[in-house]
Amino acid sequence: MKFYSTNNKALRVSFQEAVFNSLPKDKGLYMPEVIPQLDPYFIQNIQQYSFQEIAFTIAKAFIGDDIPENDLKAIVEDAINFEAPVKFLNAETGVLELFHGPSYAFKDFGARFMSRIMGYFSKQGDQLLDVLVATSGDTGGAVALGFLGVEGTRVTILYPKGKVSKVQEEQLTTNGQNIRALEVEGTFDDCQALVKQAFNDEDLNAALRLTSANSINIARLIPQTFYYFWTYAQLKSQGMKEVVFTVPSGNFGNIGAGLLAYKMGLPVSHFVAATNVNDTVPRFLQTGNYEPKASIQTLANAMDVGNPSNWVRIQDLFQQDTSQLKGMLSSYTYTDEETLAGMAELYEKYKYVACPHTAIAYLASQAYRADHPGTYASVFLSTAHPCKFPEAIQPEVYSHVQLPEGAEELAGRSKQTTELPVDYHTFKTYLLVNN
Ligand SMILES: *Cc1c(COP(=O)(O)O)cnc(C)c1O
């Protein structure tokens, strides 16, 4: 399979190049040259397969020619080694829990898969691969734990000092081995600017083999399609056929993967994008004008995105046909006050403690059902374990949270970070001196 740039379909690169470049030079995004169609017989019988078998079948459809089958199978089995259960709150509403991986957030699917693909393509004797990543919290933990111990790679994470939660910081800073954390005395945007400047720095690129682990990498998108198929398998084994997915959305990578799964042949009735007040896409669906704006800070901070970077992929999937897209995608927007009410309602009605992102998806799934009654199953995606966002959940709800396995052990480890001012020269020197 070759991959083109959304800005220039004539530009085609191999899977390996798409993964290491992350972004084409023309600043488009990579897309597969054809959307692989899964065998209808496989989809009709999907409930007979395990999550890993389904994941392998999909991975093979995208990258089958580029990685031998047995190697790809080993990569999938190693990357996707945790559960993604659908738990039913009532007869028609289920929550797809995507937080059972090592960083307790759905970004583990993308980060674990990408790290193993990069490790696979980095042959012995190659120069060490330096992965740079800026994080506002969740991405860094998934990337750190995804790459931990992956041979031939070294990860440098930049995070804003004092602006990530306790569990997030522990996941970033207590790993050692091939993972290092830089605590930047600034904001997430400062971290991102430092990383961007490094990628554009010729001296640095001559000395180090730099790559990015950001969310637009095609190797992060592909594994996010896996759990949409797996959800369908779980529903089918319970006799349900029709499903509407509601996805809490920021950069629109997760829901983009869902729409890609649909285009590959997965039977889905509709998608609902749930956002916080960063509502660029909901406004677009309403007015037809795409007008990005500066992001606004909210309780669901992993979705504080004013210009969703994966949106061009979704438009590409629908060949810029907005009316066809609107037939498949609705959206709802929630304030922090409504998000708090959503978390309270989930606990009161179902004894379910959810993170703010998940609560927004719950609210949108209920709003869509009120607007479109039917016999379908509503599945909303839970993108993180609530323990990652203690400051964003009311104490009376949070007091019922059950810590996942390993969280206490994590708290006991010692923090290793290097403080960094917002100064490019200092950052560059750090990278060159600690090489
Ligand atoms: C990253 C993230 C999101 C947003 O996902 P996108 O793919 O950027 O839309 C939602 N919830 C949580 C917890 C996240 O970490």
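Higher on the page you've got the structure.
Small disclaimer: the values here were computed from a predicted structure and weren't measured.

A count of helices and strands for the protein gives 19 helices and 14 strands. Its C-alpha radius of gyration of 21 Å places the protein within 12% of the 22 Å reference for a compact globule of 435 residues. Its C-alpha atoms give the protein principal-axis dimensions of about 60 × 50 × 45 Å. For the protein, with 435 residues in total, the buried portion stands at 59%. Residue pairs in contact within the protein that sit at least 24 positions apart in sequence constitute 75% of those at least 6 positions apart. Total accessible area on the protein is roughly 17400 Å²; 48% of this is exposed by carbon and sulfur atoms. The protein carries 34 positive and 47 negative side-chain charges, and their two centres are separated by 3 Å.

The next subject is the site of the ligand. Around the ligand, the surrounding shell holds 15 residues, and the nearest of these are Lys107, Asp138, Gly250, Asn251 and Thr383. In this structure, glycine 250 approaches the ligand through a main-chain N or O atom, which is 2.8 Å from an oxygen atom. For the ligand, an oxygen atom lies 3.1 Å from a polar atom in the backbone of glycine 253. Of the residues in the shell around the ligand, the class split is 6 nonpolar, 7 polar and 2 charged.

Reading the values: the criteria
Residues numbered from 1 in each chain as written. Predicted model: local features only at pLDDT ≥ 70, side-chain atom pairs only at ≥ 80, totals over all residues. Heavy atoms only, no water. Helix = DSSP H or I, 4+ residues; strand = E, 2+ residues; numbered from the N terminus. Rg over C-alpha atoms; globule rule 2.2 N^0.38 Å. Buried < 20%, exposed > 50% of the residue type's maximum accessible area, 1.4 Å probe, protein only. Contact = heavy atoms within 4.5 Å. Areas by Shrake-Rupley, 256 points an atom, 1.4 Å probe, with all protein chains shown as cover. Lys, Arg positive; Asp, Glu negative; His and termini not counted. Charge placed at Lys NZ, Arg CZ, Asp CG, Glu CD. Near = heavy atom within 4 Å. Polar contact = N/O pair within 3.5 Å; in protein donor to acceptor, adjacent residues only side chain to side chain. Nonpolar A, V, L, I, M, F, W, Y, C, P; charged D, E, K, R; others polar.

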